[in-house]
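Observations on the model geometry
Chain by chain, the residues run as shown.
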Amino acid sequence: MVVVTRYRVESANVESCLHILFALYIDDLIDSLRLSGYGLYISQLFIGCLHYADDIVLLSPSCFGLRHLVSICEHFGSYWDIKFSPLKSQLMTFGGSNPNVNIYMIPWVNKVKYM
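In this text, all values refer to a predicted model and were calculated from it rather than measured experimentally.

1. Some thoughts on the overall build of the protein
- Helices and strands together make up the secondary structure of the protein, namely two helices and four strands.
- Put simply, the protein has 115 residues, and 18% of those count as buried.
- A separation of at least 24 residues holds for 41% of the contacts in the protein among residues at least 6 apart in sequence.
- Carbon and sulfur atoms make up 59% of the accessible area of the protein, which totals about 9300 Å².

Written out as structure tokens, the structure is:
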């Protein structure tokens, strides 16, 4: 037996559904970042990835860890056909000078405007 129900879709409903679907979609990336063991932790709490909408902030106590987090994002993007733009990305150090390390051609900056 097949049951079909017809619904009228309002544009606001579509936008709400897209936000929910994106959150579920990006949740896999966050899990991969958390399970990698890299990134910033406070005790057992992973705070190596902060995100709002389609913006992602990666936090790591070392360049080595940050390189791994960026690599995980790159592989996730490749798998799901998402392009992360180095032109819209920035690297920043807290509590020290920016190291002379090249991570995927992303520029080092002294300040960042987030949102």
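Additional details are given in the paragraphs that follow.
2. Quick look at the nonpolar core
- Ile26, Leu29, Ile30, Leu33, Phe46, Cys49, Leu69, Ile72, Cys73 and Phe76 form the largest nonpolar core, which has ten residues in total.
- Going through the elements one at a time, helix H1 (11–35) and helix H2 (63–80) are the ones with two or more residues in this core.
- With near-sequence residues (within four places) excluded, Phe76 lies in contact with Tyr25, Ile26, Asp28, Leu29 and Ile82.

3. Considerations on the pairing of strand S4 (residues 55–58)
- Bridging between strand S3 (residues 49–52) and S4 involves four bridges; their strand directions are antiparallel. By the bridge assignment for S4, Cys49 is matched with Leu58.
- The antiparallel hairpin formed by S3 and S4 contains two residues in its connecting segment, where Ala53 sits at a positive phi of about 55°.

4. With respect to the confidence of the model for the protein
- The pLDDT averaged across the protein works out to 78; a share of 82% of its residues lies at or above 70.
- Long-range and interchain partners of residues 1–11, a stretch whose pLDDT sits below 50, account for one contact in this model, where long-range means more than four residues apart.

5. Some words on the pattern of salt bridges
- Summed over the entire model, instances satisfying the criterion amount to one salt bridge.
- A salt bridge links Asp31 to Arg34, with the nearest nitrogen and oxygen atoms 3.3 Å apart. With Asp31 and Arg34 both in helix H1 and three residues apart, the pair spans about one turn of that helix.
- Exposure remark for Asp31: the relative accessible area of 26% places this residue in the partly exposed category.
- The partly exposed category is assigned to Arg34, whose relative accessible area is 37%.

6. Looking at the environment of Leu59
- Along the chain, the position of Leu59 falls in the loop between S4 and H2.
- Distance from Leu59 to Leu69, taken between C-alpha atoms, is 8.6 Å for residues ten residues apart in sequence.
- The contact partners of Leu59, leaving out residues within four places of it in the chain, are Gly39, Leu40, Ile47, Gly48, Leu50 and Leu69.

7. Topic: a nonpolar patch on the surface
- A surface patch of nonpolar side chains, amounting to about 320 Å² of accessible area, comprises Ile20, Leu21 and Leu24.
- Assignment of secondary structure puts Leu24 in helix H1.
- According to the relative accessible area criterion, Leu24 is exposed, its value standing at 56%.

Criteria and cut-off values
Residues numbered from 1 in each chain as written. Predicted model: local features only at pLDDT ≥ 70, side-chain atom pairs only at ≥ 80, totals over all residues. Heavy atoms only, no water. Helix = DSSP H or I, 4+ residues; strand = E, 2+ residues; numbered from the N terminus. Buried < 20%, exposed > 50% of the residue type's maximum accessible area, 1.4 Å probe, protein only. Contact = heavy atoms within 4.5 Å. Areas by Shrake-Rupley, 256 points an atom, 1.4 Å probe, with all protein chains shown as cover. Core = buried A, V, L, I, M, F, W, Y, C linked by side-chain atoms within 4.5 Å. Pairing = 2+ DSSP bridges. pLDDT = per-residue confidence, 0-100. Salt bridge = Lys/Arg side-chain N within 4 Å of Asp/Glu carboxyl O. Patch = residues over 30% accessible without salt bridge, like charges linked within 9 Å, V, L, I, M, F, W, Y side chains within 5 Å.

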